[in-house]
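Notes for the structure review
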Amino acid sequence: MADNPQDFGHVPVLLRRCLELLAPALTRHHPDGSGAVLVDATLGAGGHSERFLTDFPGLRVVGLDRDPTALDIAGARLAPFADRTTLVHTRYDGLVDALAESGYGATESVDGVLFDLGVSSMQLDRAERGFAYAQDAPLDMRMDPAAPLTAADILNTYDEAALADILHRYGEERFARRIAAQIVRQRARAPFTSTAELVALLYRAIPAPARRTGGHPAKRTFQALRIAVNDELTSLRAALPAALDALAGGGRIVVLAYQSLEDRIVKRAFADAVASRTPVDLPFELPGHEPRFRSLTRGAERADAAEIERNPRSAAVRLRALQRLGKGDS
């Protein structure tokens, strides 16, 4: 039996703003969303999709997630909308294949795409998954438990230079070399098996003055390992162009990012899309080259104080949105 999503305290981030941004695309065909398709590329517990399906009773949702537990939870939550939902076990860079399996084309076939990036609250709350540094657990960190690589594998087998590179590149950890050296020394005595062992090492490796600023001393290392285990940034770089290509004219995409590495990738992909100019409906009405996309946000939008009080996870969020231009759009 699937867990109740409320057991995880799952509150969808910036839900109202996501609705505002995506609604014009989802109601282009009919006010109730009939004829429209939304891809929830990071389904999680299904909170965002539940609201969209409720507010737009004709809408169809294709939900993607690499975590089978999340799919079970979302499936139970979205059971009242089962005739309008298709749930697919895949990473978000599997979006093209997921659309094909769901009966949609890979290009210009959907009206909305939503990405809510990063680790979900329910994954953090499951101690056995190893994502949270506040709870002792096996060093796993796989979003898909069937994936071959774990955090323990990285800590116990990668050489010192590779470890330092991961910590610096994915965690922006300024003490990456120092931490990597201590990891190699400690694993020579015994391999790492638990998050508590790693946290204890990080407290020793990071100087006391640095530990007093910038949040928990394990935060950056845990982020780096999670990104490396799940190949998150590579997946995101592949997923964004596929999602943009999948949008029909007038379609919209919204991305919620929670750390700077993700947001930089989104910012660059969106800037490239807005700058891209290709012939539209030529040679019939539009002479020359027209923009394919326009930005719906000025830079990255942040959560306001009321949202953060209601949902502390939203404090780090950066929201960006684009619209694919169709005939008559400007």
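Residues numbered from 1 in each chain as written. Predicted model: local features only at pLDDT ≥ 70, side-chain atom pairs only at ≥ 80, totals over all residues. Heavy atoms only, no water.

Focus: the packing of helix H12 (residues 232-246) against helix H13 (residues 260-275)
Two measures define how a pair of helices packs: the angle their axes make with one another and the distance between the axes. Where H12 meets H13, the closest approach of the two axes is 10 Å, and the angle between their N-to-C directions is 25°. Judged on the interaxial angle alone, H13 and H12 are roughly parallel. Note on packing geometry: the crossing formed by H12 with H13 is right-handed. Only Leu-261, Glu-262, Ile-265, Val-266, Ala-269 and Ala-273 of H13 make contact with H12, whose side of the interface consists of Glu-232, Leu-233, Leu-236, Arg-237, Leu-240 and Leu-244. (Axes fitted to C-alpha atoms, helices over the stretch in contact; angles between N-to-C directions. Helix = DSSP H or I, 4+ residues; strand = E, 2+ residues; numbered from the N terminus. Parallel < 35°, antiparallel > 145°, perpendicular 65-115°, else oblique. Left-handed = near helix turned anticlockwise from the far one by under 90°. Contact = heavy atoms within 4.5 Å.)

Some details on the pattern of salt bridges
For the structure on display, the rule yields 18 salt bridges. Among the salt bridges present, the one from Arg-17 reaches Glu-20, with a minimum N-O distance of 3.2 Å. With Arg-17 and Glu-20 both in helix H1 (residues 15-26), this residue pair falls 3 residues apart, about one helical turn. A salt bridge links Asp-263 to Arg-320; its shortest N-O distance comes to 2.8 Å. With Asp-263 in helix H13 and Arg-320 in strand S9 (residues 318-324), this residue pair connects regions lying 57 residues apart in the sequence. The structure contains a network of salt bridges with shared partners spanning Arg-17, Glu-20 and Glu-301. (Salt bridge = Lys/Arg side-chain N within 4 Å of Asp/Glu carboxyl O.)

Considering the UniProt feature "binding site: S-adenosyl-L-methionine" (unreviewed entry) in the protein chain
UniProt annotation of "binding site: S-adenosyl-L-methionine" (unreviewed entry) refers to Gly-46, Gly-47, His-48, Asp-65, Tyr-92, Asp-116 and Gln-123 when read in the numbering used here. Owing to a relative accessible area of 4%, Gly-47 belongs among the buried residues under this scheme. Looking at the secondary structure, you find Asp-65 in strand S2 (residues 60-65). If near-sequence neighbours (up to four positions away) are discounted, Asp-65 is found in contact with Thr-42, Leu-43, Gly-44, Ala-70, Leu-71, Val-88, His-89 and Thr-90. Of note is the side chain of Asp-65, whose polar atom sits 2.8 Å from the backbone nitrogen of Gly-44. (UniProt positions renumbered as here; feature names shortened; annotations may be inferred. Buried < 20%, exposed > 50% of the residue type's maximum accessible area, 1.4 Å probe, protein only. Polar contact = N/O pair within 3.5 Å; in protein donor to acceptor, adjacent residues only side chain to side chain.)

So, the pairing of strand S5 (residues 247-257)
Each regular strand shows side chains that alternate between the opposite faces of the sheet. In terms of burial, S5 is a largely internal element, 10 of the 11 residues being buried. Two strands pair when backbone bridges link them, and strand S4 (residues 110-116) and S5 are joined in this way by 6 bridges, in the parallel orientation. Paired with Leu-114 across the bridge in S5 is Val-254. (Pairing = 2+ DSSP bridges.)

Structural notes on the side chain of Arg-66
Tracing the sequence through the fold places Arg-66 in the loop between S2 and helix H3 (68-77). This buried residue, Arg-66, is left without a salt bridge; Asp-93 holds the nearest opposite charge, at 5.9 Å. From its side chain, Arg-66 meets the backbone oxygen of Asn-230 in a polar contact 2.8 Å long. If we skip the residues at most four places from it in the chain, Arg-66 touches His-89, Thr-90, Arg-91, Tyr-92, Met-143, Asp-144, Asn-230 and Ser-235. (Lys, Arg positive; Asp, Glu negative; His and termini not counted.)

A look at helix H9 (residues 195-205)
Among all positions of H9, only Thr-195, Leu-198, Val-199, Leu-201, Leu-202 and Ala-205 are buried. On an axial view of H9, the arc spanned by its buried residues comes to 160°, and they lie on one face. Where the residues of H9 are buried, they touch helix H6 (151-157), helix H8 (176-189) and helix H11 (219-230). (Arc of directions from axis to C-beta.)

So, the environment of Val-37
Looking at where Val-37 falls in the secondary structure, it is placed in strand S1 (residues 37-40). Accessibility expressed as a relative area gives 5% for Val-37, which makes it buried. Residues Val-37 and Asp-111, spaced 74 residues apart in sequence, show a C-alpha to C-alpha distance of 5.4 Å.

Things to note about the sheet that holds S1
Spatial ordering of the open sheet is given by S3-S2-S1-S4-S5-S9-S8, a layout of 7 strands whose pairing is mixed. Each end of this open sheet is capped by a strand with a single partner; those strands are strand S3 (85-89) and strand S8 (293-295). Across the sheet, the mean angle separating the axes of adjacent strands is 15° when strand polarity is ignored. Where H13 meets the sheet, its contacts fall on S5, S8 and S9, and the angle it forms with S9 comes to roughly 20°.

Comments concerning the packing of aromatic side chains
For the coordinates displayed, the defined rule picks out 2 aromatic pairs. Centroid distance Phe-52 to Phe-56: 6.3 Å. Interplanar angle 25°. Geometry classified as stacked. With respect to class, Phe-52 is no different from Phe-56; both count as buried. When the ring of Tyr-92 is compared with that of Phe-115, the centres are 5.7 Å apart and the planes differ by 75°; the resulting orientation is edge-to-face. Residue Tyr-92 is found in the loop between S3 and helix H4 (95-101), and its partner Phe-115 is found in strand S4; the two are separated by 23 residues along the sequence. Of the two residues examined, Tyr-92 and Phe-115, each falls in the buried class. Over the face of the ring belonging to Tyr-92 we find Arg-66, whose NZ or CZ atom lies 5.8 Å from the ring centre. Just above the ring of Tyr-258 sits the side chain of Arg-313; from NZ or CZ to the centre is 4.3 Å. (Phe/Tyr/Trp six-rings, centres within 6.5 Å; stacked < 30°, edge-to-face > 60°. Lys NZ or Arg CZ within 6 Å of the ring centre and 35° of its normal.)

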